[in-house]
Amino acid sequence: MMDWIRWQFGQPTVADVIQRVVKRLDGAGATDVTSKEDPPEVRFSLNDVQMHSNLVHLMKDLLRAKGSRARDAEFNRYVEGVVLRPISDVLPEDAEDYAGIQSRLLPLLRTRADMGKNALNAAASLSLDQEALSREANATPWRAVSGDYVAMLGLDTPQSTARVVQAMLDRWGVSFETAFDDALRNLRGMSPDSAWRQIAPGLWQGAWNDSYEPSRLLLPDVIYRSGVAHPVTMVPLRHVLLVADANDIAGLALMASACKQLRQEQSRWLSCRPLQLVDREWQPFEAPEALRQMYQELIAVEDSEDYAAQKNLMEQRNAQDPSAPFVGTAQLVQFKDSERVLSYSVWSDGVDTLLPHTDLLAFASLDRPDDTVVVAWADAVRIAGHHMQAVDDLFPRRMRVTVFPTEDEQAQLRAVKVF
């Protein structure tokens, strides 16, 4: 009875949602169903295929839904469209033939952090040998765009968009570059000039309404057709593309505010890292001094959430390995009497740690337990960077540290401490 009341009035628990998902799986004929609450997920076998679904986004959407009817709709959409729909149902019947699917290819804009989380999620509960085979079978070709952004291939279907992996390209007998060029041509044909609309003074939004708005970053001429002379863009969601002028402080502030509001309302993010289009090439945008704190907060929160998701996945994978390094946390701190938000992580003496890349780095010495030294990341790298080892196969990036700075290096760190 209580679970029904919570569902009706907007506060279903993780246990409530998992119970409903498991019941739906049982009705669909799934077998070997297992679940856990932290993080919320289910694993099962359906049609001889082992499947895994993370329920974090579903929980967020259900808690945001207004009323039981909207909650039912969100639940049914997710379970039917994400959990129960095998890839064979998503792909069109002619997916074996490149000529048959060529017109359905479209580019997808994603981030390296997003790709990294997907890789860890796919490897969950697999042995090292199984993980290697899974990585090979599901390798996703991509093209660097700028900063953290990458572009990959999607296969558009009436139900959803299937990610194109290397095995599919091999089966079609086509290279990634050829298929990507075809995808760009398809996108260009879907991009009429009239789809730009001004949503506020100095702020424009792409309104093609096809869920490929962020992909238009790959077509610079389409961006320029917005009429903005010096375009700066943000793509907070997979269907939202915002543009303002680099020289318009008010427009840039509105764009950052819109991204912050969307972050509070939505659960499925793309990125709030701004890019500027210069001579038809994208490059990371540095906000003007008046807006730097506002933009920095957006990026700090995004990084913190990406690192938290990565940490959870890595701790699941390493749960049975006592020799695995500690996975550090990217924490946020807000300064008193200020809107300034920065991220920080902790380098602890005697702890083998995978450090997230943060604004600040705290050094916790065993010899001085009451004297933690906090410095800017750049100063930490300058003084103690030779103790850091980059972990190349992780996104977002981490640095592994196994030894603590020397006494001389600690003295140098104290000389430049932030607090």
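Preceding this paragraph is the structure being described.
Residues numbered from 1 in each chain as written. Predicted model: local features only at pLDDT ≥ 70, side-chain atom pairs only at ≥ 80, totals over all residues. Heavy atoms only, no water.

Caption draft 1: Here's a closer look at the sheet that holds strand β16 (residues 341-348). What the four strands build is an open sheet, ordered β15-β16-β18-β19; its pairing is mixed. Because the sheet does not close on itself, it has two edges, and the strands there are β15 (331-334) and β19 (373-376). Within this sheet the neighbouring strands show an average axis-to-axis angle of 35°, counted without direction. Bridge count between strand β18 (residues 360-364) and β19: four bridges; the pairing is antiparallel. If you follow A362 over to β19, its bridge partner there is V374. Helix α13 (residues 292-317) contacts β15 and β16 of the sheet and is inclined by roughly 40° relative to β16. Sheet strands in contact with helix α14 (residues 377-384) are β16, β18 and β19, and its direction is about 100° off that of β19. (Pairing = 2+ DSSP bridges. Helix = DSSP H or I, 4+ residues; strand = E, 2+ residues; numbered from the N terminus. Axes fitted to C-alpha atoms, helices over the stretch in contact; angles between N-to-C directions. Contact = heavy atoms within 4.5 Å.)

Caption draft 2: Spatial organisation of the sheet that holds strand β12 (residues 271-278). Strand order in this open sheet of six strands is β8-β9-β11-β10-β12-β13, and the pairing throughout is antiparallel. Two strands lie at the open edges of the sheet, namely β8 (196-200) and β13 (281-284), each paired on one side alone. Direction aside, the axes of adjacent strands within the sheet are offset by 35° on average. By the bridge criterion, three bridges tie strand β10 (residues 231-235) to β12 in an arrangement that is antiparallel. Bridged to V232 within β12 is Q276. Helix-sheet contacts for helix α12 (residues 249-265) involve β8, β9 (203-206), β10, β11 (242-245) and β12, and the interaxial angle to β11 is about 155°. The strands touched by α13 are β10 and β12; relative to β12, the strand with the most contacts, the crossing angle is about 125°.

Caption draft 3: Structural view of the packing of α12 against α13. At a minimum axis separation of 10 Å, α12 and α13 run at an interaxial angle of 30°. Here α12 lies roughly parallel to α13, going by the angle between them. The handedness of the crossing between α12 and α13 is left-handed. Across the interface between the two elements, L252, A253, M255, A256, S257, C259, K260 and R263 of α12 pack against M294, Y295, E297, L298 and V301 of α13. For the contact of α12 with α13, the residue count by class is nine nonpolar, one polar and three charged. (Parallel < 35°, antiparallel > 145°, perpendicular 65-115°, else oblique. Left-handed = near helix turned anticlockwise from the far one by under 90°. Nonpolar A, V, L, I, M, F, W, Y, C, P; charged D, E, K, R; others polar.)

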